[in-house]
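Observations on chain architecture
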Amino acid sequence: MITQIKKVDGKSIKLAVNILRADGVIGMPTETVYGLAGVGTSSNAVKKIFEIKGRPSDNPLIAHVHKRYDLNKLVFIEQPYVKKLIKKFMPGPLTLVFKSKGVVVNEAVCGGETLAVRMPSHKGCQKLLKAINLPLVAPSANISKHTSPVTATHVYNDLNGKLELILDGGKCLGGIESTVLDVTDVVPRILRAGLVTKEMIEKVVGSCEIAQHKETDKVKSPGVKYRHYKPKCDTALFSKTQLDKVLELYEQKQKEGLKPFIMCSNDLADKFSGKNLLLLGTTGKEIASNLYDKLLEGEKIADIIIAVSFDREDGVYLGITNRLRKSCG
Ligand code: AMP
Ligand code: MG
């Protein structure tokens, strides 16, 4: 199969809709990461998604819908606070987990009773969702466990030959996956941290918990237990208090004839002057936006990425730190 990359426009969206209606799958831009999308009401399409990615069969998919799509068609909205969350954060990088009405097929939710739904804010993605007027289930468009793609080229590098079309909507500005929030209970609970933070949710609805993913948890997010986001080169992860160790490993790798790169926030650039660097930016927002891009750049040019963590978990850093540990730890 030849994989074409096409800029999002009227013509490419028509082509995408035709492929999707025939149970095909495509690469789709969103504001978080690129998705591997298929129609959520088609078992055939969903099976293809799992097959192409090599995704574990117990890890459910998120349904993406247009901003004016009536969520009541797909799920039971039981908790009164949900309205406030929808008003404040949708469309945007927040995924809500509800009790499913079963319209999105069983294979997509891995036989579970809940469905995760999101309204992406990416304009090209919204145009596609409007044109198809169906829920599109879409995990990140990478081979399972590899780093999530944030450009159409990243998708191509992983999935070339496995799908007909990648819609190119530019670089994803968000850069890490959506926050997954269980809203089936009286208090909402974060199953996966992301760009919409605990603090932001609390401001709107008062309280918000963070799931600890213990066996006793009622609704688990199976995806969080898997090894994830791994670049194709060696990695090491150090705390900000271990900069001497970072330099020690860097020099050791150079002596071995290898090419190490240090990945860190811009404030540490001075400490590593003259070294090969992958700089992530200064603010949490910048770091989230650059993290996967730099990991995927790094795997091409480095033998080992030596990452320095941010040593904080407030706000968006909870999601960033979680991704950094899984990719480099
Ligand atoms: P991905 O699409 O690869 O970014 O992963 C989607 C994430 O959402 C994974 O962590 C899934 O486990 C989680 N997820 C999807 N559907 C559900 C659901 N019904 N209940 C709980 N978590 C879900
Ligand atoms: Mg993923």
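First things first, this report covers the structure right here in the doc. Everything numeric here is computed off the predicted structure, so don't read it as measured data. (Residues numbered from 1 in each chain as written. Chains lettered and ligands numbered in written order. Predicted model: local features only at pLDDT ≥ 70, side-chain atom pairs only at ≥ 80, totals over all residues. Heavy atoms only, no water.)

Time to look at the pattern of salt bridges. As enumerated under the stated definition, the model contains twelve salt bridges in all. Residues Asp-168 and Lys-7 are paired through a salt bridge, measuring 3.3 Å at the closest nitrogen-oxygen approach. Of the two residues, Asp-168 sits in strand 9 (residues 165-168) while Lys-7 sits in strand 1 (residues 4-7), which places them 161 residues apart along the sequence. With relative accessibility at 18%, the residue Asp-168 sits in the buried group. Residue classification places Lys-7 among the exposed residues on the basis of a relative accessible area of 58%. Asp-314 is paired through a salt bridge with Arg-312; the nearest N and O atoms lie 2.7 Å apart. Using a relative accessible area of 37% as the deciding quantity, one classes Arg-312 as partly exposed. (Salt bridge = Lys/Arg side-chain N within 4 Å of Asp/Glu carboxyl O. Helix = DSSP H or I, 4+ residues; strand = E, 2+ residues; numbered from the N terminus. Buried < 20%, exposed > 50% of the residue type's maximum accessible area, 1.4 Å probe, protein only.)

The next point concerns the packing of helix 8 (residues 284-301) against helix 9 (residues 317-328). The interhelical angle for the contact between helix 8 and helix 9, taken along N-to-C directions, is 20 degrees, at an axis separation of 10 Å. The angle between helix 8 and helix 9 places the two elements in the roughly parallel class. Relative to helix 9, helix 8 is oriented so that their crossing is left-handed. Mapping the contact onto sequence places Gly-284, Ile-287, Ala-288, Leu-291, Tyr-292 and Leu-295 in helix 8 and Tyr-317, Ile-320, Arg-323, Leu-324, Ser-327 and Cys-328 in helix 9. When grouped by side-chain class, the residues that make up the contact of helix 8 with helix 9 number nine nonpolar, two polar and one charged. (Axes fitted to C-alpha atoms, helices over the stretch in contact; angles between N-to-C directions. Parallel < 35°, antiparallel > 145°, perpendicular 65-115°, else oblique. Left-handed = near helix turned anticlockwise from the far one by under 90°. Contact = heavy atoms within 4.5 Å. Nonpolar A, V, L, I, M, F, W, Y, C, P; charged D, E, K, R; others polar.)

Let's shift gears to the packing of aromatic side chains. Applying the stated rule across the entire model yields two aromatic pairs. Positioned above the aromatic ring of Phe-76, the side-chain terminus of Lys-101 is 5.1 Å from the ring centre. (Phe/Tyr/Trp six-rings, centres within 6.5 Å; stacked < 30°, edge-to-face > 60°. Lys NZ or Arg CZ within 6 Å of the ring centre and 35° of its normal.)

Along the chain, Lys-253 falls in helix 7 (residues 243-255). Apart from the residues lying within four places of it in its own chain, the contact partners of Lys-253 are Leu-258, Pro-260 and Ile-304.

Okay, the side chain of Ser-12 next. Topologically, Ser-12 is positioned in helix 1 (residues 10-21). If we ignore the near neighbours within four places in the chain, the residues touching Ser-12 are Lys-6, Lys-7, Leu-165 and Leu-167.

In an α-helix, one full turn covers 3.6 residues, which means residues spaced three or four apart are oriented alike. Along helix 4 (residues 123-132), the residues that are buried comprise Gly-124, Cys-125, Gln-126, Leu-128, Leu-129 and Ile-132. On its buried face, helix 4 is in contact with helix 1, strand 2 (26-28), strand 3 (35-39), strand 4 (62-64), strand 8 (136-137) and strand 9.

What follows deals with helix 2 (residues 43-53). Those residues of helix 2 that sit buried are Ala-45, Val-46, Ile-49, Phe-50, Ile-52 and Lys-53. Take helix 2 and look down its axis: the buried residues cluster within an arc of 170 degrees, on one side only. Packed against the buried residues of helix 2 are strand 3, strand 8 and helix 5 (152-159). Looking one or two residues past helix 2, Gly-54 carries a phi angle of roughly 70 degrees, positive in sign. (Arc of directions from axis to C-beta.)

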